[in-house]
Structure formats: C-alpha cells, structure tokens
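# Overview (structure and organization)
Chain residues, written in single-letter form:
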Amino acid sequence: VKMALSLDDPVFRDFAFYATASVAKMIDMSFLTVYRRLTRGVFANPEDFPKGAPKKPVYDDALVERARRNHLNDIENILPFLLVGSIYVLTKPDPKTALWHFRVFFFSRVLHTISYQTGVQPARGLCYLAGMGVTFSMMYQVFKATY
Amino acid sequence: VKMALSLDDPVFRDFAFYATASVAKMIDMSFLTVYRRLTRGVFANPEDFPKGAPKKPVYDDALVERARRNHLNDIENILPFLLVGSIYVLTKPDPKTALWHFRVFFFSRVLHTISYQTGVQPARGLCYLAGMGVTFSMMYQVFKATY
Amino acid sequence: VKMALSLDDPVFRDFAFYATASVAKMIDMSFLTVYRRLTRGVFANPEDFPKGAPKKPVYDDALVERARRNHLNDIENILPFLLVGSIYVLTKPDPKTALWHFRVFFFSRVLHTISYQTGVQPARGLCYLAGMGVTFSMMYQVFKATY
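Residues numbered from 1 in each chain as written. Chains lettered and ligands numbered in written order. Predicted model: local features only at pLDDT ≥ 70, side-chain atom pairs only at ≥ 80, totals over all residues. Heavy atoms only, no water.

### Quick notes on the relation of the copies chain C and chain B
To be explicit about the condition: Least squares is used to superpose the copies, and the fit set is the C-alpha atoms of residues whose pLDDT is at least 70 in both copies.
For the pair chain C and chain B, the best superposition has an RMSD of 0.0 Å and corresponds to a rotation of 120° with a translation of 0.0 Å parallel to the axis. Between the two chains, the operation in question is that of a three-fold axis.

Put into structure tokens, the structure is as follows:
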C-alpha cells in the first residue's frame, strides 16, 4: 500500500476538516427547519402539534419550505463533494491545490445558504456554480487517474 | 501508513457493520413507500398506475408522504453519520467508546422509524436527538484531530 | 495494514471510476431540473423569476417535479451504493465479480433515468430493482465479513 486514506496524510487531514465542516453546515438546515416549524407553528405530522392546537398539517409555509429546499440542495451538492473528494485525495493532488478546492467548496456552500435564506439572487446561483465547479474539477482528476 | 480504513482494524469492522446496517435501515423506507403506493393505489407518475385505473397522480396521501418524509429524514441523518463516522474511525478512538457510538446511532434510527410510522411523540424527537448527538460527538473528535 | 482503500488496488480503481460516474449521473439531474425550470418559467422561489415576470412560485409542474423525483430517487439509491461499495471493496472480492457489480449498477441507473424521463414502465421499475440487487449483494458480502 503506497497511499491510503489516513490522517497522517496532510491532504486527507485538510479534506477531513472541510468535509466535516460541510456536513455540519448541512446539518444546520435540520435545526433551521425545526426552528421555523416551532416559531411558525407549522408541522407536517398531526402528532407534532402542541397540546390543544388544531392538528392540521401544513405543507406550503414559505419559510419552512425554503429551509427544506435549501437542505435538499445541500444534500444534492455536499454529498457528491464528500464522495468524489475522498477519492480525489487518493489521486495524490498537489496539497495547496487540494486545500483550495476544499476551502472554495466549503465557503461557497456557506454563502449559498446565506443567500438562499435571505433570498438574494444571482448570488445564490453563483455560489451554487462555484461549489459545482469544485466537484467537477475533482471528478476530472479522478477520471484521469482511474480510466 | 500508520492507520487507514481496513477491515483488519476492529473499530473499522464495527463501523462497517453498523454503517451497512444503517444503510439497510434507510433502504427499507423505499420498500415501505412502494408498499404504501401499491396497497393504496397512490402514484406520482401516470405510467405507474395499473392498466384500466384512472391515471391521476396523487401527492398528498398521508401514509405515502409519511413514509417519504421518514426516508428523507434518514438521508439527512444517516448519510452524515456515515461520512463523519468513517473519518472518526481514523482518529483512533477507544474501541469500546466507538462501538457504543455506532450502536446508539443505529438503534436510535430503528426506533425513530418505528415511532415515526406509528406517530408517537416525543419518542420520535428523542430518537432523532440521540442519533444527532452521536454524530456531533464524532464530529467533535474529528475537529480535534484535524484542526 | 494489509488492505486499504487505495488506487493501487485494481478493485478500488474500478470502484472509484464507476462511483464517480454514478455521482456524475446523479448531478446531471440538477441540470435537468434547472433546464426544465428555465424553459418552462417555473420556479420555487420568488427571487428566481426573471425581471418583469409575475413572481408566483409553482410547485406542481409535471416535468419539473418528474426531474426532482428522479433526482431524489438517485440520492436514495446511488448514495447507499457508494457507501456500501467502498466497504465491499475492502472485503477482497473477486475483481471480475466486483467489476460486474459496479458496471451493472451504473448502467442500471443510467437506464433508470432514461426510462423515468420518457415515462416507460416497467423498464424503470426493473432498472431500479437491478441497481438495488447490486447494493444488496454487496451488503451481504459486507455483513459476512464484519459480523
């Protein structure tokens, strides 16, 4: 074994840090959704309503659905980054180049969330494309190394 | 290479077992959704209806949507566990502590599904928090090892 | 360390190739959704509409929702494949058997998308089952090796 996923490898250590930070960023959407539901009294299941409240599920609250779409968008983008990224680390990339891939991705997703929740376009679209660009760049390196 | 993901490492073997069990748990939601659709005659695509039936997609069947929300909740929670967990294994955690992390997570998600499908609160919320707590504990270890 | 995830291992190299190809296949659903939204003028957020257009979110456009359901189905199936597959590689499977697992999975998902977007049943259902079968076969190997 010449090269493997290990925290002794500085590139993997950087990846591990930003990968976990990206997962933390993704999970924060769970909390935002719960917060929106609690403060707006909007739930999808009858049993979630507080005692005494009418148990009528609501599926179209604008702010709750915005948080849920944001969460799904994170899943659609962050999970591919994590999976492709962990293989990319094994292609022995230049450590500085790799670190910038991870940084740009992570911060693009933080800014994506901020612009999504504040409703700012085209900032949200550009952040989305920046993150996607990082994933594509890593994909290209993986295909080059495995084809 | 001092440490890497390998089935020769007992911690990784435990993780591999519970990670795969958690994925199996997640996939069972696909089958529950298909079962609900078939038994209730509720489909999202016109081409999914049996011959002769009126081909009118339905998007708001309570039991089908409950299974789908449960599935999405699994995705939102189990995938972060798997990704953070595989890095956590590399931080050389105490094997017993690690095993308990994996066990608590897996069983919290099994109980979460049971309480979700039977509509029992606050059991569902507590199971959700237990699983999230395991992921946060592993995240903390990863950040400590990679920062 | 006797065995670990490494591009020096031919089985892992094959997995890395098809795993990344499967992620690329999954990401293409993002582009299909964006394409559908732009060509049909259907958006979920008020700020996504072009200037001058009435900013009324639409959540039930048949073609947009079809793309989104397809995307979610990819997430529900491709991510488990990737996670179970990376552990399966470590169980030292026969390289030819492993390669056929990866190939069948990848092409089943490509054909699944084609039959989903063209609305062809039972082709879509059969492709779904083929992919699921591959994941189950790998799961079985992982359980045998880690139990």
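### With respect to the interface of chain A and chain B
As a reminder of what qualifies: What makes two residues a contact is simply this: any of their non-hydrogen atoms within 4.5 Å. Note on definitions: buried area is the accessible-area loss of two parts on being combined, 1.4 Å probe, summed for both. Each salt bridge in this description consists of a side-chain nitrogen of Lys or Arg and a carboxyl oxygen of Asp or Glu lying within 4 Å of one another. Counting of polar contacts relies on pairs of N or O atoms within 3.5 Å, with two restrictions inside protein: one atom must be capable of donating a hydrogen and the other of accepting it, and residues adjacent in sequence are counted only when both atoms are side-chain atoms. Only DSSP runs of H or I with at least four residues qualify as helices, and only runs of E with at least two residues qualify as strands; both kinds are numbered from the N terminus onward.
In this assembly, 31 residues from chain A lie in contact with 30 residues from chain B. A per-residue breakdown of the area chain A buries against chain B is headed by Phe-17, Thr-20 and Glu-47 of chain A, which together make up 20% of the total. Linking chain A to chain B there are three salt bridges. Notably, a salt bridge pairs Arg-124 of chain B with Asp-48 of chain A, separated by 2.8 Å at the nearest N-O pair. On the surface where chain A and chain B come into contact, there are six residue pairs in polar contact (both at pLDDT 80 or more). Among the elements that make up the side of chain A that touches chain B, the one with the highest residue count is helix H1 (residues 10–40) of chain A (13 residues).

### Observations regarding the pattern of salt bridges
Cut-off, in case you're wondering: Note on classification: 1.4 Å probe, protein chains only; a residue is buried when its accessible area is under 20% of the maximum for its type, exposed when over 50%, partly exposed between these limits.
Counted by the stated rule, this structure contains 24 salt bridges over all chains. A salt bridge links Glu-47 of chain A to Arg-124 of chain B; its shortest N-O distance comes to 3.6 Å. Of the two residues, Glu-47 of chain A is situated in the loop between H1 and helix H2 (62–88) and Arg-124 of chain B in helix H4 (residues 123–146); the pairing between them involves two chains. Looking at Glu-47 of chain A, the relative accessible area reads 19%, which means it is buried. Arg-124 of chain B sits in the buried class, given a relative accessible area of 13%. Through salt bridges with shared partners, a single network forms among Lys-25, Asp-28, Asp-74 and Arg-109 of chain A.

### Re the interface of chain C and chain B
With 31 residues of chain C at the interface, the matching set in chain B holds 32 residues. Between chain C and chain B, the buried area comes to about 2700 Å², and carbon and sulfur atoms account for 71% of it. For the chain C face of the interface with chain B, the top three residues by lost area are Arg-69, Leu-83 and Thr-146 of chain C, together amounting to 18%. Seen at the junction of chain C and chain B, the total is three salt bridges.

### Describing the UniProt feature "transmembrane region" (unreviewed entry) in chain A
All names here are of chain A. Here is the rule: UniProt positions are given in the numbering used here, feature names are shortened, and annotations may be inferred rather than shown by experiment.
UniProt's feature table lists "transmembrane region" (unreviewed entry) at residues 15–35 and 126–143, given in the numbering used throughout. Along residues 15–35 one finds 100% helix and 0% strand; the C-alpha atoms at either end are 30 Å apart. Regarding residues 126–143, the helix share stands at 100% and the strand share at 0%, and the terminal C-alpha atoms are separated by 25 Å.

### Quick notes on the confidence of the model for chain A
Here is the rule: pLDDT is a per-residue confidence score from the predictor, ranging from 0 to 100.
With 97% of its residues at a pLDDT of 70 or more, chain A has an overall mean of 93. Two numbers describe this predicted complex: its pTM, 0.93, and its ipTM, 0.91.

### Brief notes about the nonpolar core
Rules: Buried Ala, Val, Leu, Ile, Met, Phe, Trp, Tyr and Cys residues form a nonpolar core when they are joined through side-chain atoms within 4.5 Å.
Ranked by size, the top nonpolar core spans 104 residues in total, and within it Phe-12 and Phe-102 of chain A, Phe-12 and Phe-102 of chain B together with Phe-12 and Phe-102 of chain C carry the most contacts. Discounting chain neighbours no more than four positions away, the residues touching Phe-12 of chain B are Leu-5, Ser-6, Leu-7 and Val-89 of chain B together with Ile-87 and Leu-90 of chain C.

### Looking at unusual backbone geometry
Omega for the peptide link from Gln-121 of chain A to Pro-122 of chain A comes to 0°, which places this bond in the cis form. Despite not being glycine, Lys-92 of chain C has its phi angle at roughly 55°, a positive value.

### Considering the relation of the copies chain A and chain B
Expressed as a screw transformation, the operator carrying chain A onto chain B has a rotation angle of 120° and an axial translation of 0.0 Å, and the superposed copies differ by an RMSD of 0.0 Å. Looking at the interface residues of chain A, only 19% of them are also at the interface in chain B, so each copy uses its own face.

### Some remarks on helix H3 (residues 95–118) of chain A
Heads up, the rule is: In a helix, the anticipated span is given by 1.5 Å times the number of residues less one.
Counted at 1.5 Å a residue, the expected span for H3 of chain A with its 24 residues is 34 Å, and the 35 Å between its end C-alpha atoms agrees. Positive backbone phi, at 70°, marks Gly-119 of chain A, one or two positions downstream of H3 of chain A.

### Re the environment of Leu-32 of chain A
All names here are of chain A. Looking at where Leu-32 falls in the secondary structure, it is placed in helix H1. As a C-alpha pair, Leu-32 and Arg-68 span 36 residues in sequence and 8.8 Å in three-dimensional space. Filtering out sequence-adjacent residues up to four positions away, Leu-32 remains in contact with Ala-67 and Gln-117.

### Regarding the packing of H1 of chain A against H2 of chain A
All names here are of chain A. Operational definition: The convention used is that axes are lines fitted to C-alpha atoms, helices contributing only their stretch in contact, and that angles between N-to-C directions extend from 0 to 180 degrees. Here the word oblique covers every angle except those under 35 degrees (roughly parallel), over 145 (roughly antiparallel) and from 65 to 115 (roughly perpendicular). Should the near helix be turned anticlockwise from the far one by less than a right angle, the crossing is termed left-handed; should it be turned clockwise, right-handed. Three residue categories are used. Nonpolar comprises Ala, Val, Leu, Ile, Met, Phe, Trp, Tyr, Cys and Pro, charged comprises Asp, Glu, Lys and Arg, and polar comprises the others, including Gly.
With their axes 9 Å apart at the nearest point, H1 and H2 run at an angle of 165° to one another. As judged from the angle between their axes, H1 and H2 are roughly antiparallel. For the element pair H1 and H2, the recorded crossing hand is left-handed. Partitioned by chemical class, the residues of the contact of H1 with H2 number 14 nonpolar, seven polar and six charged.

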